[in-house]
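Listed here are the chains, written in short residue letters.
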Amino acid sequence: MATINGFEDIPAWRDSRELCKLFFRAWKGQVDFSRDFELLNQMKRSSGSIMDNIAEGYGRGGNKEFVYFMGISKGSCSEFRSQLYRALDQEYISQVTFDELYKRADGISAQLTRFIAYLNKTTYKGSRYKVEEREIEYDIDKEFESLVFPDDFFGNEQEEHGKSKIENRKCLFTKKY
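This report concerns the structure included in the present document. (Residues numbered from 1 in each chain as written. Predicted model: local features only at pLDDT ≥ 70, side-chain atom pairs only at ≥ 80, totals over all residues. Heavy atoms only, no water.)

With respect to the element layout, S46 can be found in helix α3 (residues 37-60). Of the residues examined, S46 reaches a relative accessible area of 2% and is grouped as buried. Put simply, S46 and R81 are 35 residues apart on the chain and 9.4 Å apart in space, counted from C-alpha to C-alpha. What S46 contacts, discounting residues up to four positions off in sequence, is S76, E79, F80 and Q83. Among the polar contacts listed, one links the side chain of S46 to the side chain of Q83, at a separation of 2.7 Å. (Helix = DSSP H or I, 4+ residues; strand = E, 2+ residues; numbered from the N terminus. Buried < 20%, exposed > 50% of the residue type's maximum accessible area, 1.4 Å probe, protein only. Contact = heavy atoms within 4.5 Å. Polar contact = N/O pair within 3.5 Å; in protein donor to acceptor, adjacent residues only side chain to side chain.)

Before going further, it helps to spend a moment on the packing of helix α1 (residues 11-27) against α3. For any two helices packed against each other, the geometry is given by the interaxial angle and the distance between the axes. In the contact formed by α1 and α3, the axes pass within 8 Å of each other and the chain directions differ by 165°. The angle between α1 and α3 places the two elements in the roughly antiparallel class. As for how α1 packs across α3, the hand of that crossing is left-handed. Contacts between α1 and α3 involve A12, W13, S16, R17, L19, C20, F23, F24 and W27 on the former and, on the latter, L40, M43, K44, S47, G48, I50, M51, I54 and A55. (Axes fitted to C-alpha atoms, helices over the stretch in contact; angles between N-to-C directions. Parallel < 35°, antiparallel > 145°, perpendicular 65-115°, else oblique. Left-handed = near helix turned anticlockwise from the far one by under 90°.)

A word on the packing of aromatic side chains. Using the criterion set out here, one finds 11 aromatic pairs in the structure. Centre to centre, the rings of F115 and Y118 are 6.3 Å apart; their planes meet at 0°, and the pair counts as stacked. Residue F115 and its partner Y118 are located together in helix α5 (residues 95-121), separated by three residues, close to a single helical turn. Cluster of aromatic residues (ring-pair linked, three or more members): F23, F24, W27 and F80. For the cation-ring pair, R81 lies above Y102, with the distance from its terminal atom to the ring centre recorded as 5.6 Å. (Phe/Tyr/Trp six-rings, centres within 6.5 Å; stacked < 30°, edge-to-face > 60°. Lys NZ or Arg CZ within 6 Å of the ring centre and 35° of its normal.)

Structure follows, in structure tokens:
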């Protein structure tokens, strides 16, 4: 599978963008379709919702949220296909236009199904959960100089060669960011 560096790299997003462009071209200049504000607005929103939810899910940075938004995107594909039937029945679009838009929306839905299945199988949780480890130097004296410890805090061997056990010690810790 190809590396995805942004939502624009997701084939389903690119195809849904193309679907939006084709739909906008299909209704432009159609006077009757332009007058049916409710259906036209619904179709604009559902076609845009396909690509927008892919982008939003990707942007969340976690696989569970990504899968959730991919599911919403898939639902928007179904909504758009249903609305295509309404536009065809009202003779706002031709059978050829209907077939082309329906085929593209159906293809996007299939891509989303496969991508969701892939995301559900992978152990990668998402960029949001990526943990970076690095070693840092931690100066105990500097951090604890203002703290007062009880005399028996370090046990019986508090003094070693005239110095407390925490004096002049530096430790390496691994810190997760």
